[in-house]
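So the chains spell out like this:
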Amino acid sequence: MEPVRFEELGIDDRILRAVTEMGFEEATPIQAKAIPEVMTGQDIIGQAQTGTGKTAAFGIPAIQHINPDVKKLQTIILCPTRELAIQAAEELRKIAKYMHGIKVLPVYGGQDISRQIAGLRGVQIIVGTPGRVMDHMRRRTIKLDLVNMVVLDEADEMLNMGFREDMELILGQIPGEHQTALFSATM
């Protein structure tokens, strides 16, 4: 397969600038295949080994998809561990560096919930663990009415770790049409 450069993928110039600064020039195979699909709004399952750039594969289209004028939750990314949630949120923030008005927040257990609730104002992308996302849903501190994209990162691990019911509950609460992207090292 010919290497694909990021500028060939139809990515917003501001995202391209951030990605270039991050040292990315050529897309990995998962990025080259997934980014165009996710940008068209397809539901997808992406499988690639850890360390192949799965976060950018869903993060770039997720950020491009956000309406920065709408200061409400539009995308939820679920991760099995808080370390992964923190790491993915960091990477998304780097990708969104020049996309003004886009806020990304990691939400996970073991962190003061009242501080988290305060931080939720105006956030369009949440990267969280299922338990804490459900906790916010129960408290009505997360509103799902404008969510149009859900990503399950390391989906296989989440199913193994017994998050299946939690994920079904979260997905079941999203009222509108939404895109679902599953990313995983194994399926």
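For the structure, see preceding data.
In short, a report on the structure. Because the structure is a prediction, the values reported are computed rather than measured.

Quick notes on the packing of helix α6 (residues 130–139) against helix α8 (residues 164–172)
Between α6 and α8, whose axes approach to 10 Å, the crossing angle comes to 40°. Considered as vectors, α6 and α8 are oriented oblique to each other. Where α6 crosses over α8, the two elements pack in a sense that is left-handed. For the pair α6 and α8, contact is made by Pro130, Gly131, Val133, Met134 and Met137 and by Asp166, Leu169 and Ile170, respectively. A breakdown of the residues in the contact of α6 with α8 according to their chemical character gives six nonpolar, one polar and one charged.

Let's talk about the pattern of salt bridges
If you walk through the whole model with that rule in mind, you get eight salt bridges. Here Arg14 and Asp12 are joined by a salt bridge, their closest N and O atoms 2.9 Å apart. You can call Arg14 partly exposed: its relative accessible area is 39%. In this structure, Arg164 and Glu168 form a salt bridge, with 3.2 Å as the shortest nitrogen-oxygen distance. With a gap of four residues between them, Arg164 and Glu168 both fall in helix α8, about one helical turn apart.

Reading the values: rules and limits
Residues numbered from 1 in each chain as written. Predicted model: local features only at pLDDT ≥ 70, side-chain atom pairs only at ≥ 80, totals over all residues. Heavy atoms only, no water. Axes fitted to C-alpha atoms, helices over the stretch in contact; angles between N-to-C directions. Helix = DSSP H or I, 4+ residues; strand = E, 2+ residues; numbered from the N terminus. Parallel < 35°, antiparallel > 145°, perpendicular 65-115°, else oblique. Left-handed = near helix turned anticlockwise from the far one by under 90°. Contact = heavy atoms within 4.5 Å. Nonpolar A, V, L, I, M, F, W, Y, C, P; charged D, E, K, R; others polar. Salt bridge = Lys/Arg side-chain N within 4 Å of Asp/Glu carboxyl O. Buried < 20%, exposed > 50% of the residue type's maximum accessible area, 1.4 Å probe, protein only.

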